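Working through the structure, step by step
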Amino acid sequence: MSTRIPNPTDDTPVSAPQRPEGGYYDLELIYDAGRWRAYGDTPAELLELLLPGYQQQDAQQQYQARIRAAVDVQVALQAQLNSANPELVTRCTDEQRAILVGDRDRPPAPEAWTAPMPLVLVTSFYEPDGELGRPTAAGDAIIWLDPSNDWSLLESLHRAGWIHLARRAPSAPDTDI
């Protein structure tokens, strides 16, 4: 079971909701550009809020839904990064710019990513899971979104800055999330 509440647009403190049977949820997710807070006990419960009908699908359908969600975020996040950093885009080579602004009907397959602008990629299409060679890159030059399983997708979206994910510490009192 999960729940969601609107996220206040000011500095109003948020009281985490409790489960219907009492106690606090283990996970908190802030998503949709900070508009919503969701609470649940499993990653699948949170994904159900992001991808309606997710929990009613079989494992293969869920995997495909996670890949589609990762690609959707990949496209939106790359566009957001490109528009927020035009000076970095202009410092890229023509080939690098073509990759940054290209469509994603086929995953980009550079051998190495050395551009000053980060590239957002989905792990499923690259070795060891996919057929494409995994590009090499230094530092945070590539932002990897990983739809391998429920938790890896949420965690990679969090690392990418697309969502905020928090887990209540097991030893913390129920009021901490």
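Just above, that's the structure.
Let us look at the structure shown here. Everything numeric here is computed off the predicted structure, so don't read it as measured data. (Residues numbered from 1 in each chain as written. Predicted model: local features only at pLDDT ≥ 70, side-chain atom pairs only at ≥ 80, totals over all residues. Heavy atoms only, no water.)

**Digging into the overall build of the protein**
- Secondary structure assignment for the protein yields five helices and eight strands.
- In the protein, the order of α-helices and β-strands from amino to carboxyl end is β-β-β-α-α-α-α-β-β-β-β-α-β.
- When the 177 residues of the protein are sorted by exposure, 43% land in the buried category.
- Of all intrachain contacts in the protein linking residues separated by at least 6 positions in sequence, the fraction that spans at least 24 positions is 46%.
- If you sum the accessible surface of the protein, you get close to 9,900 Å²; carbon and sulfur atoms cover 50% of it.
- Positive and negative charge centroids in the protein, built from 14 and 26 side chains respectively, lie 2 Å apart. (Helix = DSSP H or I, 4+ residues; strand = E, 2+ residues; numbered from the N terminus. Buried < 20%, exposed > 50% of the residue type's maximum accessible area, 1.4 Å probe, protein only. Contact = heavy atoms within 4.5 Å. Areas by Shrake-Rupley, 256 points an atom, 1.4 Å probe, with all protein chains shown as cover. Lys, Arg positive; Asp, Glu negative; His and termini not counted. Charge placed at Lys NZ, Arg CZ, Asp CG, Glu CD.)

**Notes on the pattern of salt bridges**
- Applying the stated criterion across every chain, the model contains eight salt bridges.
- In this structure, Asp26 engages Arg19 in a salt bridge whose closest nitrogen and oxygen atoms are separated by 3.7 Å.
- When the shortest N-O distance is used, the salt bridge between Arg97 and Asp94 registers 2.4 Å. Highlighted residues: Arg97 and Asp94, both in helix H4 (residues 94–101), separated by three residues, approximately one helical turn.
- With relative accessibility at 25%, the residue Arg97 sits in the partly exposed group.
- Take Asp94: its relative accessible area is 60%, and that puts it in the exposed class.
- Because the salt bridges share partners, they merge into one network encompassing Arg19, Asp26, Asp41 and Arg168. (Salt bridge = Lys/Arg side-chain N within 4 Å of Asp/Glu carboxyl O.)

**Focus: H4**
- For H4, the complete set of buried residues consists of Gln96, Ile99 and Leu100. Angular distribution of buried residues about the axis of H4 spans 100 degrees; they occupy a single face of the element. Away from the buried face of H4 by more than 90 degrees, exposed residues Asp94, Glu95 and Val101 are located.
- Where H4 is buried, its residues contact helix H2 (59–84), strand S4 (112–113) and strand S5 (119–122). (Arc of directions from axis to C-beta.)

**A closer look at the nonpolar core**
- Ranked by internal contacts, the top residues of the largest apolar core, which has 41 residues, are Leu46, Leu77, Trp113, Met117 and Leu145.
- Mapped by element, the contributors of at least two residues to this core are strand S2 (27–31), helix H1 (43–50), H2, helix H3 (86–90), H4, S5, strand S7 (142–145) and helix H5 (150–159).
- Counting residues per element, this core draws most heavily on H2, at eight residues.
- When neighbours within four sequence positions are excluded, Leu46 is seen to be in contact with Leu27, Leu29, Ala38, Tyr39, Gly40, Leu154 and Leu165. (Core = buried A, V, L, I, M, F, W, Y, C linked by side-chain atoms within 4.5 Å.)

**Describing the pairing of S5**
- What you see with S5 is no split at all: Leu119 and Leu121 on one side and Val120 and Val122 on the other are buried throughout.
- Bridging between S5 and S7 involves four bridges; their strand directions are parallel. Opposite Val122, over in S7, you have Leu145 as the bridge partner. (Pairing = 2+ DSSP bridges.)

**Focus on the packing of H1 against H5**
- Taken N-terminus to C-terminus, the directions of H1 and H5 make an angle of 65 degrees; their axes are 9 Å apart at the nearest point. The handedness of the crossing between H1 and H5 is left-handed. Between H1, through Pro43, Ala44, Leu46, Leu47 and Leu50, and H5, the contact on the second element is made entirely by Asp150, Trp151, Leu153 and Leu154.
- Classifying every residue of the contact of H1 with H5 by side-chain character gives eight nonpolar, no polar and one charged. (Axes fitted to C-alpha atoms, helices over the stretch in contact; angles between N-to-C directions. Left-handed = near helix turned anticlockwise from the far one by under 90°. Nonpolar A, V, L, I, M, F, W, Y, C, P; charged D, E, K, R; others polar.)

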